[in-house]
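A closer look at the structure
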Amino acid sequence: MRKTAQFIKPLTAIILTIICLLSQNACTAANATDTSNSDAIYQQRTVHNPDGTGKFYMGREIAQVMGYQGAGWLERPSRGMEEKSARLVNNLDLKPTDIVADIGAGTGYFSFRIAPLVPQGKVLAVDVQPEMLNFIELNKQEKNISNVEPVLGNIDNPNLPENSVDLVVMVDAYHEFAYPREMMQGIVKALKPGGRTVSIEYRGENPLIPIKGLHKMTQQQVKKEMAAVGLVWKETKEMLPQQHLMVFEKKSQI
């Protein structure tokens, strides 16, 4: 019995050592996985807001896209009064020759309001849903406006020529981009040097604004995400009832 005990003790010690080494390796592997996930541009989470996609970017959950079935809401008669649409357009500081890209144009609600202010320029109405572009074509014919051009974008690319756009407008659209980093990189490439990007989002700082949380953004978050693609914040205009109008500029060297 004594010999057996003498044999078991060192064997137990060896087994315990192996277990400890395996545990350390497991912990190291787990830490490596965590680091890899944190370094990735996007994180996918199973527990998330039901209004979101479960996909997170820079700490923000990406909202679900409003489909073309919501076209009637975009064109609701009360929208102009609720959002002060004319005031928004008049504060874009447009020049008659500007080439404007309306990203996430939907039915072209803002595209057709911008178009008369750029008579020697044009509006590129970009959307990823072909059904929305069909609405734009119908509105174009009905309104007899020739300087609005529908553009079918991809979820990670606006499909705009490089250095071709003076102004990019995103009205309540950016928070739904499935690939915000890639989409914004495409937008930056499309902007001329010194070109501007205007982000209009419902104020995430104000919980009283009756919009779902993921469909609002704070100034801090917008600035952080625009800075990630090299855009420089110039000003925020607080002249709308419920939205920020934030202006960013492309650096000449980008």
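Let me begin by describing the structure that accompanies this report. (Residues numbered from 1 in each chain as written. Predicted model: local features only at pLDDT ≥ 70, side-chain atom pairs only at ≥ 80, totals over all residues. Heavy atoms only, no water.)

Some thoughts on the overall build of the chain
- When you go through the chain residue by residue, the secondary structure sums to 8 helices and 11 strands.
- Buried positions account for 44% of the 254 residues belonging to the chain.
- In the chain, once contacts between residues fewer than 6 apart in sequence are set aside, the share between residues at least 24 apart is 64%.
- Here the chain displays about 13500 Å² of accessible surface, and carbon together with sulfur accounts for 56% of that area. (Helix = DSSP H or I, 4+ residues; strand = E, 2+ residues; numbered from the N terminus. Buried < 20%, exposed > 50% of the residue type's maximum accessible area, 1.4 Å probe, protein only. Contact = heavy atoms within 4.5 Å. Areas by Shrake-Rupley, 256 points an atom, 1.4 Å probe, with all protein chains shown as cover.)

Re the pairing of strand E6 (residues 148–152)
- Note: strand E5 (residues 122–127) against E6, 5 bridges, orientation parallel. Pairing of Leu124 across the sheet is with Glu149, part of E6.
- Running through helix H6 (residues 130–143), the crossover from E5 to the neighbouring parallel element E6 is right-handed. (Pairing = 2+ DSSP bridges. Right-handed = clockwise from strand over helix to strand, strands pointing away.)

Observations concerning the pairing of strand E8 (residues 191–203)
- Counting buried positions along E8 gives 10 out of 13 residues, so the element sits mostly inside the fold.
- The parallel pair strand E7 (residues 165–171) and E8 is bridged by helix H7 (residues 180–190), and the resulting crossover is right-handed.
- Of the pairings in the sheet, the one linking E8 to strand E11 (residues 243–250) comprises 7 bridges and is antiparallel in character. Its bridge partner being in E11, Thr197 is matched across the sheet by Phe248.
- Bridge count between E8 and strand E9 (residues 216–217): 2 bridges; the pairing is parallel. Across the sheet, Tyr202 pairs through a bridge with Lys216, a residue of E9.

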